[in-house]
Amino acid sequence: MLRHFVSSESKIAGLVGTQTRPHRSYHSKKGVWGYRPVAKRVFEVAEEAKLARNSQGNVYRWVEAFRQHGHKLAAVNPISIKEPNSESSELQELNPAFYGLQTQQAVRTANLLSAPAASSGGSQNVQNVAQLEQLLRDIYCGSAASAEFAYIEDTEEREWLARNFETLNEHQLQSTERCEIAELLIKSQAWDNFMALKFPTVKRYSGEGAESMLAFFWQLLRDSVQANVEHVVLAMPHRGRTSLQAAMFNMRPAKVFRKLSGTSEFADNVEAMSDVITHFHVSEQLQVLGKSINFSMIRNPSHLEAANPVAMGKTRSKQQTRGEGAFDNATTAQPFGQHVVNVILHGDAAFAGQGINQECLNMAYVPHFEVGGSVHLIVNNQVGFTTPADRGRSSAYSSDLAKSIQAPVFHVNGDDPEAVARITNLAFRYQREFRKDIFIDMNCFRRWGHNEVDDPTFTNPLIYKIIHQRQSVPDLYADRLATEGVLSKDEAKQLREKYMAHLGEELALAPTYVPPPSFFEKQWAGLTSAPANELTYWDTGLDYGLLHWIGQQSVAYPEDFSVHPHLLKTHIQGRLKKLEAGNKIDWATAEALAIGSLMYQGHNVRISGEDVGRGTFSHRHAMLVDQKTNEMYIPLNHIEGGNGGKLELAHSILSEEAVLAFEYGMAIDNPQNLIIWEAQFGDFANGAQIIIDTFIVSGETKWMDSNALVMLLPHGYDGVASEHSSCRIERFLQLCDSKETSPDGDGVNVHVVNPTTPAQYYHVLRRQLARNFRKPLVVIAPKTLLRLSAATSTHEDFQPGSMFHNVLGDNTVQPEQVRKVILCSGKHYYNLVEERQKREAHDTAIVRLESLCPFPVQELQAQLAQYGNVQSFIWSQEEHRNMGAWTFVRPRFENLIGQQLKYCGRSEAPTPATGIGKVHKQEAAEVVAAPFEV
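Quantities reported herein were computed from a predicted structural model and do not represent experimental measurements.

(A) The arrangement of the sheet that holds strand β13 (residues 605-609) in detail. Taking strand neighbours across the sheet as the criterion, the seven strands line up as β16-β13-β17-β18-β20-β19-β24 in an open arrangement whose pairing is mixed. Single-partner strands in this sheet number two, and they are β16 (647-651) and β24 (851-853). The average angle at which neighbouring strand axes cross in this sheet is 20°, direction not considered. Two strands pair when backbone bridges link them, and β13 and strand β17 (residues 674-678) are joined in this way by five bridges, in the parallel orientation. Opposite serine 608, over in β17, you have tryptophan 677 as the bridge partner.

Next comes the structure, spelled out in structure tokens:
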């Protein structure tokens, strides 16, 4: 049955009163790129609703009580081992006597209840309290589905949910549709049976017990194409993943079977370390109801729920590409999610237990992170690893976190795939209507243990006694359809045998199957893998006349705009003077020139992080705020001419893991946009280590997913103790696949730079999009250098023919006089230069490693070759010996340069920096003096 969608149902009567939707001003009534206020919704109340509810106040309170508490009595758990609770089996709030109502008392339910049997013309018209009670119990306390939405503050939403949930059973499936669902469930079961037969020792994390999730996707895709959705982006964990992909999303079973034979899922000529079958993904154009829809599944690591914000980011990127929401050119912004919808599957224990979910929900409606509401399905198999549900959380339901953003929750019995389909339709219609998150809690089970070779009866004997004695979900549904004469047992058997035969054919083909290319296609066409054995150099300079103009535009503002007086003097007028002089160009100006020039060339740029508009150290001020009106203004977005690139400044929630994952999701989707994440302090990246480890530094070698994400990590020992000093350079270098005994090429998995001049920073940002390949970039970003007069650049450093230099030599010394070479990286260089001047150490050269990874052997050799009289090479760093770049640089220098390297820096320590001011000053003096005294 086709279900048609309308743009709004807001005219339907609701509760007494008029309500406006919550409205965000976000420093702007006009809006900025990536955010524009959406028109307020006003909910009008029908007069007949007011009269009916006021005249039967107690009856209406009773109906509302079922909407609030009915779910507590619903029997939607197909494997419950709990005895009925005498205290909760009859809640006093659901007893009509609690409201002074008598059993045979007459009631009029019009405008109180939306169920067909409550209407005046229904064949089962409700006439008294007893009949109404039975109807309310059937709706809200049944065995197929229940609902939670009474906590939602918005009246219009509550009314919409009550009305549509109470009429849920009006949406009955046709016989052909029921057969389609049955076929999918049969295929899913056949896949798991085939895998168990042919690969009995493989941990496949099957979906057995949760097969009704295929009914969810069946309905979701049908609803999506009818609503003119063009793309669905999905994040889901490993359980049931392969059966879903094979049964619904066109994944060739031969790909899985090839992998299980010990071969890569990629073609033999692809250099990738690959991943396990339960992390496979699909990106397909599907045909549903005669229409095309793109479907892409986010690649997932084994860290549960980590893929969710990645999917959100990828969804928003696709929305930006299509000009949705605040990315369109319309005068009045439309809501996000018009053509691209985000869908997230959760495990019950993981959703309740993993903090990244709270972060994702907290981002759901934040400007610059909103995606128009996500559709969530919790596959609630009621046990996490081996932990039963009552020990896996403190809340009543695994879905209770959804209440933090007032998202509705539908609890549905996984034994009833048709109920799952109906609830999915309702959830999707809610998402379309309100563009908010919606949750389906599908109560089901896990037939085997945590994996198929695990025995769950060790710790969960009672629940698995029930599971092992019961029929499978596909068999139950097939029997139901056979009983009702919809699908005979022979027809069901034929469907199974046909699919098993197909799997057998695919298994036979597996040894010769060659996986088709799955990367550098569509929007990635024209790009390639980075060269494995070569460092490439890219001219990223531009005519200074253009850059001068871009710099001026970066601080331009309307005449009627009230600028902060301090910014007017130091930021705006100061920048204009530096640009005019063409020297003393500071860090923030160089960044503005890089970003503005990329925008001029047609690239969009996004900077995300905590208060990135001004920057952690109040240096950027890419966003100005009117001191009288609070209105935001982003000067670079008003540049005239060029190819129309835009800057999105995404002020993030106080989160690292979900926000960084969101930015990664944007970066893997569109290679022509520059995505930058700035940590407030470098070591705050610790909170996002899962994303760094499993996506950013390993995504390309596992999945062939390239990206140009930039991480800005402020670093430097300035006396602010442990948590504000180090970005943990050593951790990022340890994650690099740079070799100690042979020169690196650009093909290393992640590039790590520690630039010491604004021009170097400018070039490395522009290089991200200039190259014909994409690599994630870690920038060891400065703090004190942002305003250090010595750390500035001149206009010549930006001219055509200029580029990022992996090594900066020392042109202040006479090469033949040099007896000692100090190698260093980052802001420590300026402290060493100052110390050399004090000591008048003219025999000492200071060479900067601007790129740590890839390790620049050739450039370093070229710089050192001019010093023919050197007696010692020293590595100087301000970090402790067990931190910083020392353990990375030393073996490469000694193996590839062929010289011994001495260490000068702080000694080993368990924490990055002291919190004692006197000790810090003493250490800072010693660490700078030591290289000159060795």
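(B) How the structure looks around the packing of aromatic side chains. Enumeration according to the criterion identifies 34 aromatic pairs in this entry. Centre to centre, the rings of phenylalanine 199 and phenylalanine 257 are 5.8 Å apart; their planes meet at 20°, and the pair counts as stacked. Residue phenylalanine 199 is found in the loop between α5 (175-198) and α6 (213-226), and its partner phenylalanine 257 is found in helix α8 (residues 253-260); the two are separated by 58 residues along the sequence. On the basis of relative accessibility, which here comes to 15%, the residue phenylalanine 199 falls in the buried class. Between the aromatic rings of phenylalanine 519 and phenylalanine 520, the centroid separation amounts to 5.6 Å while the plane-to-plane angle is 80°, which identifies the pairing as edge-to-face. For phenylalanine 520, a relative accessible area of 19% puts it in the buried group. Between arginine 892 and the ring centre of phenylalanine 888, over which it is positioned, the NZ or CZ distance is 3.7 Å.

(C) The arrangement of the confidence of the model for the chain in detail. With 96% of its residues at a pLDDT of 70 or more, the chain shows a mean pLDDT of 93. Low pLDDT (under 50) marks residues 1-23, which in the prediction has 82 contacts with non-local residues, meaning those over four places away or in another chain.

(D) Just the packing of helix α9 (residues 307-321) against helix α11 (residues 355-363), in detail. Running from amino to carboxyl end, α9 crosses α11 at an angle of 25°, the nearest separation of the two axes being 9 Å. It follows that α9 is roughly parallel to α11 by the angle criterion. On α11, the residues touching Asn308, Pro309 and Met312 of α9 are Ile356, Asn357, Cys360 and Met363.

(E) Quick look at the sheet that holds strand β12 (residues 438-443). Strand order in the open sheet made by the eight strands is β3-β11-β12-β8-β7-β4-β6-β5, with mixed pairing throughout. In the strand order of this sheet, the two ends are held by β3 (145-148) and β5 (283-288), each with one partner. On average, each strand axis in the sheet is inclined to that of its neighbour by 20°, with strand direction left out of account.

(F) Region of interest: helix α4 (residues 155-166). Its 12 residues give α4 an end-to-end C-alpha distance of 16 Å, which sits within 8% of 16 Å, the value for a rise of 1.5 Å per residue. Counting buried residues in α4 gives 12 out of 12 residues, a clear majority hidden from the surface. Within α4, the full set of buried residues consists of Thr155, Glu156, Glu157, Arg158, Glu159, Trp160, Leu161, Ala162, Arg163, Asn164, Phe165 and Glu166. Its side-chain oxygen placed 3.1 Å from the backbone nitrogen of glutamate 156, aspartate 154 serves as the N-cap of α4.

(G) Quick peek at helix α14 (residues 461-469). Among the residues of α14, those classed as buried are Ile463, Tyr464 and Ile467. Looking straight down α14, one finds that the buried residues subtend no more than 90° of arc, so they occupy a single side. Exposed side chains of α14 directed beyond 90 degrees from the buried face belong to Leu462, Lys465 and Gln469. On its buried face, α14 sits against β9 (383-384).

Criteria and thresholds
Residues numbered from 1 in each chain as written. Predicted model: local features only at pLDDT ≥ 70, side-chain atom pairs only at ≥ 80, totals over all residues. Heavy atoms only, no water. Pairing = 2+ DSSP bridges. Helix = DSSP H or I, 4+ residues; strand = E, 2+ residues; numbered from the N terminus. Axes fitted to C-alpha atoms, helices over the stretch in contact; angles between N-to-C directions. Phe/Tyr/Trp six-rings, centres within 6.5 Å; stacked < 30°, edge-to-face > 60°. Buried < 20%, exposed > 50% of the residue type's maximum accessible area, 1.4 Å probe, protein only. Lys NZ or Arg CZ within 6 Å of the ring centre and 35° of its normal. pLDDT = per-residue confidence, 0-100. Contact = heavy atoms within 4.5 Å. Parallel < 35°, antiparallel > 145°, perpendicular 65-115°, else oblique. Expected span 1.5 Å × (residues − 1). Polar contact = N/O pair within 3.5 Å; in protein donor to acceptor, adjacent residues only side chain to side chain. Arc of directions from axis to C-beta.

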